[in-house]
Structure formats: structure tokens, C-alpha cells
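The residues making up each chain are set out below.
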Amino acid sequence: MANKITDMSKIRKVIKFYCEGKSKLFISSYLSLSRNTVKKYISLFEVLGLNFELIDRKTDAELELLFSQTTVESISPKLQILYDFFPKMERELKKVGVTVQHMWEQYIAVNPDGYRSSQFAHHYKVWGKRVNPVMHMNHKTGDKMYVDYAGKTLSIIDKDTGEIKEVQFFVAILGASQYTYAEASMSQQKEDFVTSVENAMRFFEGTPAAIVPDNLKSAVIKSSRFEPTINETLADLAEYYQTTILPARAYKPRDKSLVEGAVKILYRRIYVTLKETKFFSLEELNQQIWDLLDAHNSRKLTGRPYSRKELFLEDEKQKLRPLPQERFEIKYQSFATVMQNGHVQLSVSFPPMPYLIPKPANLNLLIQYYGI
């Protein structure tokens, strides 16, 4: 059948043999492929600017998107110069006010015999589809932080009882640099959720213009296409950090595609490594998560000469708002029913004292200590 896509396992082997220095004739004969087919996939591999390790980590579906091109442009020195310019251009376009036209003017100033603006824009789209085969959104630096929980949980073991407790896996990612934060927490309740969101901003050392959560109850009390009701505690956090909450729209997967993509990557790079390891405290588990997270953020992005960490430090960090010195304090409130005699019943629960009070407890001392 004409133009039928080659089996993905064979494509992996073509790239592997090519990277090992095997000739195209040898690859063609060994894998029972035509020489033109071998040339086609090797040419596509060179256009993408990837290495075999990145190719090997991709799923068959991702490879099929990368290598389903039926024709390959000849990579002339002129076109190669253009492709070498695009990674820098991609970074610059994340800055407010920078346009494709501005970037073409920079390119043509250095390369007077280069491509005209229409061809420049066309080649950038082609390059973007090859390096980012899945449709993606453009993100401005310092604009949004996306937060979500992974579907799968981790676990810790209680030292005293031996009980295995499931813990949640929280992920936050900055839109422009894809710089990522992750931690384990005991639950998805509002207290743990708000604390994790705050920890993410402390990790990023700045506040984004907006926080984009999924429609979980800890973030959104009532979903709405136009005006969702935000959890009051999360709204207080946003006011304290001078940011805003923009919940992802229901049934709009692109609104949260970035963080869901980050979750999938962290499954491979963090979750799988930790799943079979025994941890006896949340602190111990999180320390291991953060060690693996640093390696993830320092790894070069697919088809780019830079990492998430480099993008964050060089482009996005300075665009975040400064953090307040003190951490956010969660407010608690309760509603009392007015009885028929016009009174309400008030009960007071005391947090643990920093020292023991001899029994019977001195009520005046309690009142003085807690300022009641």
C-alpha cells in the first residue's frame, strides 16, 4: 500500500543503526526496507534535531506523529541556519509584545539573503509541528501557573503501626518555561491543596499573574462556564499573593493540557522510581521527589538546546511578582444557629500547648495564653 507508515520498531532500529554509524545500505538490507524509505526516516530524524535517547523514550503513537511525513524538505545550509534560529525565536515569542514579524526582522538583519517573511512564518509552523507534534498553546512568561493532582497515588508506611497510607501527588508547572514543581501531600482537602499551591510559588520564588487549577472541590465550589465559584480559602490565598484564580473550563482539555502532560512525564521520571521504594514519612518521600525533580528540570527539552531550569532562570523568573515575606495563614470559620432564647452556643477547641498545664487546668491561664 502506497505511503503506508513503517512499523515503529523498525523506525527505532533505523535511527539506532544510523546513530551507531551504520551505512544506509546496511540498514536497508538488515531491516528489509527500501533505501528510499531508510533515507526518508533518516532525513526526518535530522530535521527534527533529536537524539536517539529522546526517540527511544517516545511512545509508538508519538513516533507515528513525528515520522508520518510523506515528504522531506532538503536541508540546505540556508534552511539549516533558519532551523537553528527557531529555538531562540520560540523563547522570545513567550515575552510580552514579541511577534513573529519582530523575530523575522532580527533574522533578516543578520541573514540578508535569508527567507522572506511569508516563507519564514511557513517554515516556523513546519518546524513547530515536527518538534511539537501535538497541538499546543503559546504561553507568556510570568502569566500562568497550572496545578493538578496525578491520578495515581504514592504511599508511606507508619513506623508505629506498619499501616500503609496513600498520599497524593501534586504537580505545578509554569506555562512559558515548563519549570515544574511536585510534592506529596496527605490529601486533596483544601488545607493540603492550598499549602501545596503556596509551596509551589515559594519554590518558583515568585507569584504568577494567574493560577489555573482543575475543577476539584478544593479549588472550585461550583463550576460554571462564565463565573465559577472559587473556594473561599483559595480565593484568600490569591488575594494575599496578589494573583487570580482562573479554573480550567470543563470539557476543555487544552486548558489543562500542559499540567497533564507534565504529570505524564513525571510518571515516567519520578513516580515509577518511587513506587517500589518504602518511605516512612512524608518528609522523606518529598526529599526524594525533589531530588528527581531537579534532574527533570535540568534535562534538555526535546529538540531544544536548553532545559526547563535554564528557561526559568533566564526568561521567566524575573517576570514573576515578588513573594510576601510571611506565609499565608488559613482562616477557619463556622456558622452557629441562633436558638429561641436569642443565644448561640459557642465551643472552643484549644490547639496543643507548648508545655503541659498541671491538672486541674487553670482556666485563667488558658484565657491569658490564647487571648480569649
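Residues numbered from 1 in each chain as written. Predicted model: local features only at pLDDT ≥ 70, side-chain atom pairs only at ≥ 80, totals over all residues. Heavy atoms only, no water.

Colleague: Just give me the short version of the overall build of the protein, but keep the residues and values in it.
Modeller: Counting its regular elements, the protein contains 14 helices and eight strands. Within the protein, the proportion of its 372 residues that are buried is 40%. Taking all contacts inside the protein whose residues are at least 6 apart in sequence as the whole, residues at least 24 apart take part in 64%. As presented, the protein carries roughly 22200 Å² of accessible surface, and 52% of it is formed by carbon and sulfur atoms. (Helix = DSSP H or I, 4+ residues; strand = E, 2+ residues; numbered from the N terminus. Buried < 20%, exposed > 50% of the residue type's maximum accessible area, 1.4 Å probe, protein only. Contact = heavy atoms within 4.5 Å. Areas by Shrake-Rupley, 256 points an atom, 1.4 Å probe, with all protein chains shown as cover.)

Colleague: Just give me the short version of the pairing of strand β1 (residues 144–149), but keep the residues and values in it.
Modeller: Along β1, five of the six residues are buried, which leaves the element largely enclosed by surrounding structure. Across four bridges, β1 lies against strand β5 (residues 210–213) in parallel orientation. Paired with Tyr146 across the strands is Val212, a residue of β5. Sheet topology note: the β1/strand β3 (residues 164–174) ladder contains five bridges and is antiparallel. Considered in β3, the bridge of Tyr149 is made with Phe170. (Pairing = 2+ DSSP bridges.)

Colleague: How would you summarise the nonpolar core if you had to cite specific residues and measurements?
Modeller: In globular proteins that are soluble, nonpolar side chains generally tend to be buried together. Judged by nonpolar contacts, the single largest core of 49 residues is most densely connected at Met145, Phe169, Phe170, Val197, Phe204, Leu285 and Ile289. Listed in part, the 18 residues of the second largest apolar core include Leu79, Leu82, Met103 and Trp127. (Core = buried A, V, L, I, M, F, W, Y, C linked by side-chain atoms within 4.5 Å.)

Colleague: Give me the lowdown on unusual backbone geometry, citing residues and values where you can.
Modeller: At Ser32, a position not held by glycine, the phi torsion is positive, near 55°. Along the polypeptide, Ser32 turns up in the loop between α2 (24–31) and α3 (35–48). A residue is classified by how much of its surface remains accessible, and Ser32, at 61% relative accessible area, is exposed.

Colleague: Can you lay out the environment of Lys24 for me, pointing to particular residues and giving the numbers?
Modeller: Structurally, Lys24 is set in helix α2. Exposure remark for Lys24: the relative accessible area of 35% places this residue in the partly exposed category. In this structure, the C-alpha to C-alpha distance between Lys24 and Ile42, residues 18 residues apart in sequence, is 8.9 Å. Sequence-distant contacts of Lys24, that is, excluding residues within four places in its chain, are made with Val38, Lys39 and Ile42.

Colleague: Explain the environment of Thr273 residue by residue, including any values.
Modeller: Note that Thr273 resides in helix α11 (residues 257–275). As for Thr273 and Leu292, which are separated by 19 residues in sequence, their C-alpha atoms are 8.9 Å apart.

Colleague: Describe the packing of helix α9 (residues 190–204) against helix α10 (residues 232–240), with residues and values.
Modeller: Packing of α9 against α10 brings their axes to within 10 Å, and their N-to-C directions diverge by 20°. Taken together, the axes of α9 and α10 are roughly parallel relative to one another. In the packing of α9 onto α10, the handedness of the crossing is right-handed. Packed against α9, whose contacting residues are Lys190, Phe193, Val194, Val197, Glu198 and Met201, the element α10 presents Thr233, Leu234 and Leu237 at the interface. Residue composition of the contact of α9 with α10, by class: six nonpolar, one polar and two charged. (Axes fitted to C-alpha atoms, helices over the stretch in contact; angles between N-to-C directions. Parallel < 35°, antiparallel > 145°, perpendicular 65-115°, else oblique. Left-handed = near helix turned anticlockwise from the far one by under 90°. Nonpolar A, V, L, I, M, F, W, Y, C, P; charged D, E, K, R; others polar.)

Colleague: Describe the side chain of Thr207, listing the residues and the values that go with them.
Modeller: In this fold, Thr207 is placed in the loop between α9 and β5. For Thr207, the contacting residues outside a window of four places in its chain are Met201, Tyr241, Thr243, Leu320, Arg321, Pro322 and Leu323.

Colleague: Any details on the confidence of the model for the protein? Residues and values, ideally.
Modeller: Per-residue confidence for the protein gives a mean pLDDT of 78, with 76% of residues at or over 70. Taken as a whole, residues 351–363 scores under 50 in pLDDT and shows 12 contacts with residues more than four places along the chain or in a different chain. (pLDDT = per-residue confidence, 0-100.)

Colleague: Please provide a residue-by-residue account of the pattern of salt bridges, values included.
Modeller: This structure, assessed with the given rule, holds six salt bridges. Of the charged contacts in the structure, one is a salt bridge between Glu198 and Arg327, with a shortest N-O distance of 3.3 Å. Placement of the pair is Glu198 in helix α9 and Arg327 in the loop between α13 (308–316) and α14 (363–370), with a sequence separation of 129 residues. Overall, the relative accessible area of 37% leaves Arg327 in the partly exposed class. Notably, a salt bridge pairs Lys309 with Asp294, separated by 3.4 Å at the nearest N-O pair. Of this pair, Lys309 sits in helix α13 while Asp294 sits in helix α12 (residues 282–298), placing them 15 residues apart in sequence. (Salt bridge = Lys/Arg side-chain N within 4 Å of Asp/Glu carboxyl O.)

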